[in-house]
Amino acid sequence: MTIKAAPVRINSRESAEALIDRYDNFLFDCDGVIWLDEKAIPGVLRTIEYLNAKGKKYVFVTNNSSKSRQDYVSKFAKMGFKGITKDKVYPTCYAAVAALKDNYKIEPGAKVWVLGDSGIEQELIEEGYIPLGGTDERLNVAFNPNDEILKVDPEVKAVIVGSTKEFNYTRIASTLQYLLYNNKSIPFIGANIDRTYPGPEGLILPAGGSVVNYMHYTSSREFLNVGKPSTVFLDSILSHNGFDRSKTLMVGDTLYTDIKFGNDGLLGDGSGSLLVLSGGTKLPDLNHLIQNPHSFEDGESLIPSFFIESLATLTEWL
Ligand SMILES: O=C(O)[C@H](O)[C@H](O)COP(=O)(O)O
Ligand SMILES: [Mg+2]
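Since this is a predicted model, take the numbers as computed values, not measurements.

Trainee: I'm lost on the coordination of the magnesium ion (ligand 2) in this one. Help?
Mentor: Six octahedral donors around a metal ideally subtend angles of 90 or 180 degrees, whereas four tetrahedral donors ideally subtend 109.5 degrees. Asp29 (OD), Asp31 (O) and Asp253 (OD) make up the full set of protein donors to the magnesium ion (ligand 2), lying at 2.1 to 2.2 Å. Summarised as a motif, the one-chain spacing of the donors to the magnesium ion (ligand 2) is D-x1-D-x221-D. Here aspartate 253 lies in the loop between strand 14 (248-252) and helix 9 (255-264) and aspartate 29 lies in the loop between strand 2 (25-28) and strand 3 (35-36), a separation of 224 residues in the sequence. Both residues of the pair, aspartate 29 and aspartate 253, count as buried.

Here you go:
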């Protein structure tokens with residue numbers, strides 16, 4: 001068994017410069033790294049501008065499925081980030097639709113049931129699929145066992161579940177009908193496994209994985225996780241962008257999604273993960289992991305190569 005070295009703290013000009021020089025490409029998580037809900041984390045924009053000036057390449061990889069790539073383009077622009085185009089943003093609503101085609105060979109034109117926010121619907125429509133469920137207003141009602149919406153449409157070819165702030169019994173019950181239909185034969189795609197995410201005002205909020213796992217439990221069905229730490233997701237991002245794995249760094253705030261993504265994907269020749277403490281993981285959490293890696297499932301794979309207070313701190317040292 002190999003014991004992973006303790007992460008290196010980026011806390012000097014030399015360590016910050018060495019980190020930036022070492023990597024050509026950066027994968028940035030969003031919630032907890034770039035922003036907390038609708039508020040940009042102070043100073044992060046300056047770090048991105050610094051990387052632009054240095055000619056570094058980067059994309060954003062978020063497990064959040066609530067917004068489409070186009071929505072993210074608008075969100076970045078509103079916060080003052082320049083030149084963030086659709087091809088630089090990888091939310092899991094996009095990854096889920098890619099899985100329909102690549103994993104399940106479901107052709108555009110098919111109907112897909114959605115439990116999740118509008119990002120999934122928008123990405124489905126963009127690829128020529130027909131979303132059902134999702135933000136349909138008929139789901140915003142108190143549960144009624146005679147409701148038409150509980151009747152399965154036999155043309156539905158897959159179910160996608162992701163983050164939603166509209167979680168109610170009518171949505172759960174209607175989604176369950178599809179997951180149980182025809183001997184549980186309709187593919188079940190989950191946008192992520194995140195339990196929580198860091199919201200505004202220091203709030204820790206339920207994330208998409210809590211919705212996905214609710215449906216996993218109630219249906220007794222496994223799901224395909226298309227989000228971080230999926231190596232399929234990572235490989236497709238690296239290949240779309242022509243990023244050399246050994247020169248790429250993953251920057252995130254969650255150990256079991258972001259850091260595992262970078263570590264399992266062997267980024268930076270095995271030293272390609274940077275934890276920021278501006279989101280859901282705090283220093284005591286990291287110390288607890290380092291001291292007790294074996295009390296976590298696959299604990300060694302959760303230990304970052306580097307850590308820093310925030311992405312903004314990187315340029316404060318330069
Ligand atoms: O489902 C969610 O809400 C997401 O898991 C959560 O927002 C994490 O997103 P990320 O940190 O990957 O941007
Ligand atoms: Mg995050």
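Trainee: Sorry, what's going on with helix 8 (residues 231-241) here?
Mentor: Along an α-helix, a turn takes 3.6 residues, which lines up residues three or four apart on a common side. Residues of helix 8 that are buried: Phe233, Leu234, Ile237 and Leu238. Looking straight down helix 8, one finds its buried side chains confined to an arc of 130 degrees; they lie on one side. Exposed positions of helix 8 whose direction lies more than 90 degrees from the buried face are Val232 and Ser239. Where helix 8 is buried, its residues meet strand 2, strand 5 (57-62), strand 6 (89-91), helix 4 (92-102), strand 14 and helix 9. Put simply, serine 230 is the residue that caps the front of helix 8, since its side-chain oxygen is 3.2 Å from the backbone nitrogen of valine 232. Immediately downstream of helix 8, the backbone of glycine 242 shows phi near 65 degrees, a positive value.

Trainee: So what exactly am I meant to see when it comes to the sheet that holds strand 1 (residues 8-9) here?
Mentor: Each strand in a sheet pairs with its neighbour through backbone hydrogen bonds, running either in the same direction (parallel) or in the opposite one (antiparallel). Here 7 strands make up an open sheet; going across it, the order is 1-16-15-14-2-5-6 and the pairing parallel. Each edge of the sheet is formed by a strand with only one pairing partner; in this case those strands are strand 1 and strand 6. Relative to strand 5, strand 2 is paired through 4 bridges, and the arrangement is parallel. Its bridge partner lying in strand 5, phenylalanine 28 is registered against phenylalanine 60.

Trainee: Help me understand the domain arrangement of the protein in this model?
Mentor: Accessible area lost upon the coming together of the parts is a frequently used measure of interface size. Domain parsing of the protein yields domain 1 (8-63 + 228-317) and domain 2 (93-225). Look at where the C-alpha atoms of domain 1 and domain 2 centre, and you get two points 29 Å apart. Taken together, the contact pairs 16 residues of domain 1 with 15 residues of domain 2. With both sides pooled, the region where domain 1 packs onto domain 2 buries about 1,200 Å², and carbon together with sulfur makes up 53% of that total. Contact with domain 2 buries area across many residues of domain 1, yet Asp37, Asn63 and Tyr256 alone supply 43% of it, more than any other trio. One can count 1 salt bridge joining domain 1 with domain 2.

Trainee: So what exactly am I meant to see when it comes to the packing of helix 6 (residues 169-184) against helix 7 (residues 208-219) here?
Mentor: In a pair of packed helices, the angle between the axes and the distance between the axes together describe the arrangement. Two elements in contact, helix 6 and helix 7, have axes whose closest approach is 10 Å; the angle formed by their N-to-C orientations is 50 degrees. Viewed along their axes, helix 6 and helix 7 adopt a mutual orientation that is oblique. Judged by the sense of rotation from one axis to the other, the crossing of helix 6 with helix 7 is right-handed. Facing helix 6, whose interface residues are Ile172, Thr175, Leu176, Leu179, Leu180 and Lys184, helix 7 presents Tyr214, Met215, Thr218 and Ser219. Taken together, the residues of the contact of helix 6 with helix 7 sort by class into 6 nonpolar, 3 polar and 1 charged.

Trainee: How should I be thinking about the pattern of salt bridges in this particular structure?
Mentor: A side chain of one charge can pair with a side chain of the opposite charge when the charged atoms of the two come close. Applying the stated criterion across every chain yields a total of 19 salt bridges. In this structure, glutamate 123 engages arginine 69 in a salt bridge whose closest nitrogen and oxygen atoms are separated by 2.8 Å. In this pair, glutamate 123 sits in helix 5 (residues 118-126) while arginine 69 sits in helix 3 (residues 69-78), placing the two residues 54 residues apart along the sequence. Judged on exposure class, the residue glutamate 123 and its partner arginine 69 are both buried. Across the salt bridge formed by aspartate 136 and arginine 138, the nearest N and O atoms sit 2.7 Å from each other. Taking relative accessible area as the criterion, aspartate 136 reaches 22% and is therefore assigned partly exposed. The class for arginine 138 is exposed, based on a relative accessible area of 52%. Each of Arg69, Lys86, Glu123 and Glu126 takes part in one network of salt bridges that share partners.

Trainee: So what exactly am I meant to see when it comes to the site of ligand 1 here?
Mentor: Neighbouring ligand 1 are 13 residues; Asp29, Asp31, Thr62, Asn63 and Gly208 lie closest to it. At a separation of 2.6 Å, an oxygen atom of ligand 1 approaches a polar side-chain atom of threonine 62. Taken together, the residues of the shell around ligand 1 break down into 3 nonpolar, 6 polar and 4 charged. Mapped onto the domain boundaries, the shell around ligand 1 takes at least three residues apiece from domain 1 (8-63 + 228-317) and domain 2 (93-225).

The rules behind the values
- Residues numbered from 1 in each chain as written.
- Chains lettered and ligands numbered in written order.
- Predicted model: local features only at pLDDT ≥ 70, side-chain atom pairs only at ≥ 80, totals over all residues.
- Heavy atoms only, no water.
- Donors = N, O, S within 2.8 Å, 3.2 Å for Na, K, Ca; no water.
- Helix = DSSP H or I, 4+ residues; strand = E, 2+ residues; numbered from the N terminus.
- Buried < 20%, exposed > 50% of the residue type's maximum accessible area, 1.4 Å probe, protein only.
- Arc of directions from axis to C-beta.
- Contact = heavy atoms within 4.5 Å.
- Polar contact = N/O pair within 3.5 Å; in protein donor to acceptor, adjacent residues only side chain to side chain.
- Pairing = 2+ DSSP bridges.
- Domains from an automatic or database assignment.
- Buried area = accessible area lost by both parts, 1.4 Å probe.
- Salt bridge = Lys/Arg side-chain N within 4 Å of Asp/Glu carboxyl O.
- Axes fitted to C-alpha atoms, helices over the stretch in contact; angles between N-to-C directions.
- Parallel < 35°, antiparallel > 145°, perpendicular 65-115°, else oblique.
- Left-handed = near helix turned anticlockwise from the far one by under 90°.
- Nonpolar A, V, L, I, M, F, W, Y, C, P; charged D, E, K, R; others polar.
- Near = heavy atom within 4 Å.

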